[in-house]
Amino acid sequence: MKRVFAVLLLCATLFPGQALSQAGSPISPETRKELSDFFSPFAAANMQGFDQKTLTDKELLHFAVWHCIMRADPSLKRVNGGNDIVIPSAVIDTITQTVFGRTIQKHRKAQYVESLASGEAFVFAQVDSLRPGEGDTFLAAGTIYYTGAGETIDPHANRAQWKRAGADVHVWGTFSGVLKRTEAPRPHWTVLQYAVKEAS
């Protein structure tokens, strides 16, 4: 019983006024949006399942590149008529340290030039549930969606809203993740395990 109270207290600290119950009550819209944005690069990069032992440097690089493509920082240099971005290895390390709690052991180059991939299908994630896990971890689960190339939608809307807007949104599959919440030096999530399942 003491452990249950400790978990609920931790949740109340992380999500003031929106503590999760033992049964897994709905998460706040703000936390749902934050975690959906967190997991969308995993979906866009088509990341396969991993844990901290199986995650490779190649996968770290692949994720970080897609993270930069999805959320291209204006400070990143554009080349090839603005179609490509130049990503310094230090930026790659910042992303992977924040998201995975580790960096690539040895970079092949000082910077990476990558296409902004215009014309690709829009793939994104929405978190459907979040509940306490073991120790100080949390278990998140959600759905991966995709739309046709060039279609503009609100990735935080629901299926009824997409339908009313005439958007052609499809379910790709589902995902789950084991997370930790770090508050300092700035609040962020770190993923420890990730799993995906394609819809049949």
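Rules used in this analysis
Residues numbered from 1 in each chain as written. Predicted model: local features only at pLDDT ≥ 70, side-chain atom pairs only at ≥ 80, totals over all residues. Heavy atoms only, no water. Axes fitted to C-alpha atoms, helices over the stretch in contact; angles between N-to-C directions. Helix = DSSP H or I, 4+ residues; strand = E, 2+ residues; numbered from the N terminus. Parallel < 35°, antiparallel > 145°, perpendicular 65-115°, else oblique. Left-handed = near helix turned anticlockwise from the far one by under 90°. Contact = heavy atoms within 4.5 Å. Phe/Tyr/Trp six-rings, centres within 6.5 Å; stacked < 30°, edge-to-face > 60°. Buried < 20%, exposed > 50% of the residue type's maximum accessible area, 1.4 Å probe, protein only. Pairing = 2+ DSSP bridges. Salt bridge = Lys/Arg side-chain N within 4 Å of Asp/Glu carboxyl O.

A. Structural context of the packing of helix α2 (residues 29-44) against helix α3 (residues 57-70). At a minimum axis separation of 9 Å, α2 and α3 run at an interaxial angle of 115 degrees. The orientation of α2 with respect to α3, classified from their angle, is roughly perpendicular. The interaxial crossing formed by α2 with α3 has right-handed handedness. Between α2 and α3, the residues in contact are S40, P41, F42 and A44 and F63, W66, H67 and M70, respectively.

B. Layout of the packing of aromatic side chains. Evaluated as defined, the whole model comprises 18 aromatic pairs. With centroids separated by 5.7 Å and ring planes inclined at 40 degrees, the aromatic side chains of F38 and F42 adopt a geometry described as tilted. Residue F38 and its partner F42 are located together in helix α2, separated by four residues, close to a single helical turn. For the pair formed by F38 and F42, the shared burial category is buried. Geometrically, the ring pair formed by F124 and Y145 is stacked, given 5.6 Å between the ring centres and 25 degrees between the ring planes. In this pair, F124 is assigned in strand β5 (residues 122-132) and Y145 in strand β6 (residues 137-147), connecting sequence segments 21 residues apart. For the pair formed by F124 and Y145, the shared burial category is buried. The structure contains a cluster of three or more aromatic residues connected by ring pairs, namely F38, F39, F42, F50, F63, F100, F175 and Y194.

C. Structural detail: the sheet that holds β5. Here five strands make up an open sheet; going across it, the order is β1-β8-β7-β6-β5 and the pairing antiparallel. At either margin of the open sheet sits one strand with a lone partner, and together these are β1 (50-51) and β5. Where α2 meets the sheet, its contacts fall on β1, β5, β6, β7 (169-182) and β8 (188-198), and the angle it forms with β5 comes to roughly 130 degrees. Where helix α4 (residues 89-100) meets the sheet, it contacts β1 and β8, and its direction lies at approximately 80 degrees from that of β8.

D. Spatial organisation of the pattern of salt bridges. Throughout the structure, instances matching the rule amount to four salt bridges. Here E34 makes a salt bridge to R181, at a shortest N to O gap of 2.8 Å. With E34 in helix α2 and R181 in strand β7, this residue pair connects regions lying 147 residues apart in the sequence. By relative accessible area, R181 is classed as buried at 19%. The shortest N-O distance in the salt bridge between E183 and R181 comes to 3.2 Å. The exposure class assigned to E183 is partly exposed, which follows from its relative accessible area of 42%. Where salt bridges share partners, they join E34, R181 and E183 into one cluster.

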